[in-house]
Every structure is written in structure tokens, then in C-alpha cells.
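Below, each chain spelled out in residue letters.
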Amino acid sequence: MKRHTHPDNGFHRPFADLKKRFQAPASEGHPEAVLKKPERLDTCPDDFELFRQTMCDVTPLPGRGKYRMAKSEHPAATPRQTPDADGFAKLHRLVLTGEGFDVSLTPEYIEGTASDISRHIPRSLYRGRFSIQAHLDLHGYTAREARIRFDAFLETCLRDSLRIVLIIHGRGLSSPGEPVLKRCVQEWIVRSSWRKWVSAYCSARSCDGGSGATVLMLRNLQAHPKKRKRNSG
């Protein structure tokens, strides 16, 4: 038994007779017979001729061909804004000297308080309402060396009844990951035995080191009922 094969060999060819449809005369009655070949580009009218044909039935306006708007139709002129001299001066000082930069508005800012201390104390510390009585610079030390110096420094401060001290640890911008010493100092403040002796802490003001330093408010050793043992944590 012979199998009949389709002349398209199994492929769907919807545009195979498209050329014949364009060439078919209109008298054949085919709906496609009205289609014509597109005109060549070189036989199309130019832009000016096309515009003239389109506008042939338009009546021009009387006069010289110009239309003047009435004065009332003019939009109100926007007043020229003068620069804010005070704001410009503040911006100038911020760029040159850093004056006005608020560390507390950056992600690098840290703060904390003990449970019995007002949460407003760190803001007072940051605004410089308490004078810094001593400081410790940990630049250039390893975490182990910094811990030894940190412990000895707080021991001395408590013995001398100092309340507001500054720890300079740097921002850690040269560290491959997060700031090492800054993270260590915060850990020693909130998780070691020193947490009993730190009332509040916060990042320092820009003039005191900014986010590269931390201000501590220590408790009064004389007011504590028990004598403090040397920290070994």
C-alpha cells in the first residue's frame, strides 16, 4: 500500500503562495487580490511635497503669520533663588575641617547602658557634656596586648576614682574584615567582668576620634559595697 506524501514534506509553509497573492488580478475576487506591491522609496514624494498635500485644505490665520500671547497668558516668572549663606558656610567648614559631622548618624556609631542607667546618658556622653579625664591609645597592639593594657588602664582609673575615660582603638579600615580592636573593646565592655563597672559607653565625637574611639562612664569604686577584685576575665 502506497503512502501519500504531502508536497510540503511535513513542513508548515503558510507564506508559500504569498507571492502569487500579490500578483493575482483584482478580477479574481480574492480578498488578497487588493494587495499591491509597496512603492519604491525613490518614487515616494519628498517631505515638503507630502506636507503640502496634507495641508492643502488648511486656511491660514490672518495677519503676518505670527501670534502674540496676551500679557496675562505669560506664566509667572520664577523668582531667582539666592544661596543660603549660612548653609553654604556650614557646608564649607564640613568639607574643610569636618566641623558639624555627626558620628551618631552613621552605621559605625555604637552605644550602650547598664540596666540601672538612663538611656539618655550615652547621648550626653557623645555631646561632650562630661569632661574626659584619661585616655588609652591601643593603636599598633594585637588583641592580646590590647586586652592587657585595657585591663590595667581601667584598674588605674577605678583606683583613682576617674569616671569618664576614652579608649582609642581605631576604625579598623585596614582590617580585611570587620574592625578587630573596636569589636574587642565592645566585647570587653559588655561581656567581660568589666560590664559591672561600666555605666554607659558610646562612640566619641569627631574631635575626640569619632567612631575610632569609645567613651566610657565608669561607676564610682568608693560607692560599691564590696572591694573589687582584679579582673581576670
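Residues numbered from 1 in each chain as written. Predicted model: local features only at pLDDT ≥ 70, side-chain atom pairs only at ≥ 80, totals over all residues. Heavy atoms only, no water.

### Concerning the overall build of the protein
Check the secondary structure of the protein and you find six helices and five strands. Evaluated residue by residue, the protein yields a buried proportion of 26% over its 233 residues. In the protein, the proportion of contacts linking residues at least 24 apart, taken out of those at least 6 apart, comes to 66%. Only carbon and sulfur atoms are counted for the fraction: they give 55% of the accessible area of the protein, which is about 18500 Å². (Helix = DSSP H or I, 4+ residues; strand = E, 2+ residues; numbered from the N terminus. Buried < 20%, exposed > 50% of the residue type's maximum accessible area, 1.4 Å probe, protein only. Contact = heavy atoms within 4.5 Å. Areas by Shrake-Rupley, 256 points an atom, 1.4 Å probe, with all protein chains shown as cover.)

### Quick word on the pairing of strand 4 (residues 198-203)
Most of strand 4 is tucked away: six of the six residues are buried. Direction of pairing for strand 1 (residues 111-113) relative to strand 4: antiparallel, over a ladder of three bridges. Bridge pairing links G112 to Y201 in strand 4. Sheet topology places strand 4 next to strand 5 (residues 213-218); five bridges connect them, and they run antiparallel. The residue of strand 5 that forms the bridge with Y201 is L216. (Pairing = 2+ DSSP bridges.)

### Comments concerning the pattern of salt bridges
Overall, the coordinates contain six salt bridges when judged by the stated rule. Put simply, R171 and E108 hold a salt bridge, and the shortest N to O gap is 2.7 Å. Within this pair, whereas R171 is found in the loop between strand 3 (164-168) and helix 6 (180-190), its partner E108 is found in the loop between helix 3 (85-97) and strand 1, the two being separated by 63 residues in sequence. For the salt bridge of D151 with R147, the shortest nitrogen-to-oxygen distance reads 3.0 Å. Here D151 and its partner R147 are both found in helix 5 (residues 143-159), four residues apart, which amounts to about one turn of the helix. We classify D151 as buried; its relative accessible area is 12%. (Salt bridge = Lys/Arg side-chain N within 4 Å of Asp/Glu carboxyl O.)

### Considering the packing of aromatic side chains
Two numbers describe a pair of aromatic rings. These are the distance of the centres and the angle of the planes. All told, the structure shown has three aromatic pairs when counted by the stated rule. For the ring pair Y109 and Y126, a centre distance of 5.6 Å and an interplane angle of 80 degrees mean the geometry is edge-to-face. Residue Y109 is found in the loop between helix 3 and strand 1, and its partner Y126 is found in helix 4 (residues 121-126); the two are separated by 17 residues along the sequence. Judged on exposure class, the residue Y109 and its partner Y126 are both buried. An aromatic cluster of at least three residues, connected via ring pairs, comprises F150, W188 and W194. (Phe/Tyr/Trp six-rings, centres within 6.5 Å; stacked < 30°, edge-to-face > 60°.)

### Notes on a nonpolar patch on the surface
Together, F51, M55 and V58 give the surface a local cluster of nonpolar side chains, amounting to about 290 Å² of exposed area. As for its position among the elements, V58 is in the loop between helix 2 (47-54) and helix 3. Judged by relative accessible area, V58 falls into the partly exposed class, the value being 45%. (Patch = residues over 30% accessible without salt bridge, like charges linked within 9 Å, V, L, I, M, F, W, Y side chains within 5 Å.)

### Looking at the nonpolar core
Ranked by size, the top nonpolar core spans 24 residues in total, and within it F150, F153, L154, V165, I167, L216 and L218 carry the most contacts. Mapped onto this core, the elements with two or more residues apiece are strand 2 (134-137), helix 5, strand 3, helix 6, strand 4 and strand 5. At six residues, the largest contribution of residues to this core is made by helix 5. Not counting chain neighbours up to four residues away, the residues in contact with L216 comprise F150, L154, R163, I164, V165, I167, I189, A200 and Y201. By size, the runner-up hydrophobic cluster in this structure holds 13 residues, among which are I121, A200, C202 and A213. (Core = buried A, V, L, I, M, F, W, Y, C linked by side-chain atoms within 4.5 Å.)

### Quick word on the sheet that holds strand 1
Strands in a sheet are paired, the pairing made by backbone hydrogen bonds, and the direction either parallel or antiparallel. Strand order in the open sheet made by the five strands is 1-4-5-3-2, with mixed pairing throughout. In this open sheet, the two strands that pair with only one neighbour each are strand 1 and strand 2. Shown here is a sheet whose adjacent strand axes are inclined to one another by a mean of 20 degrees, direction ignored. Note: strand 2 against strand 3, four bridges, orientation parallel. By the bridge assignment, D137 is partnered in strand 3 with I168. Contacts from helix 5 reach strand 2, strand 3 and strand 5, with the element oriented near 175 degrees to strand 2. In the packing of helix 6 onto the sheet, contacts are made with strand 3, strand 4 and strand 5, and the angle to strand 4 comes to roughly 160 degrees. (Axes fitted to C-alpha atoms, helices over the stretch in contact; angles between N-to-C directions.)

### A closer look at the confidence of the model for the protein
Per-chain confidence: the protein averages 76 in pLDDT, with 60% of residues scoring 70 or above. Between residues 227-233, whose pLDDT stays under 50, and residues either more than four places distant or in other chains, the model counts 16 contacts. (pLDDT = per-residue confidence, 0-100.)

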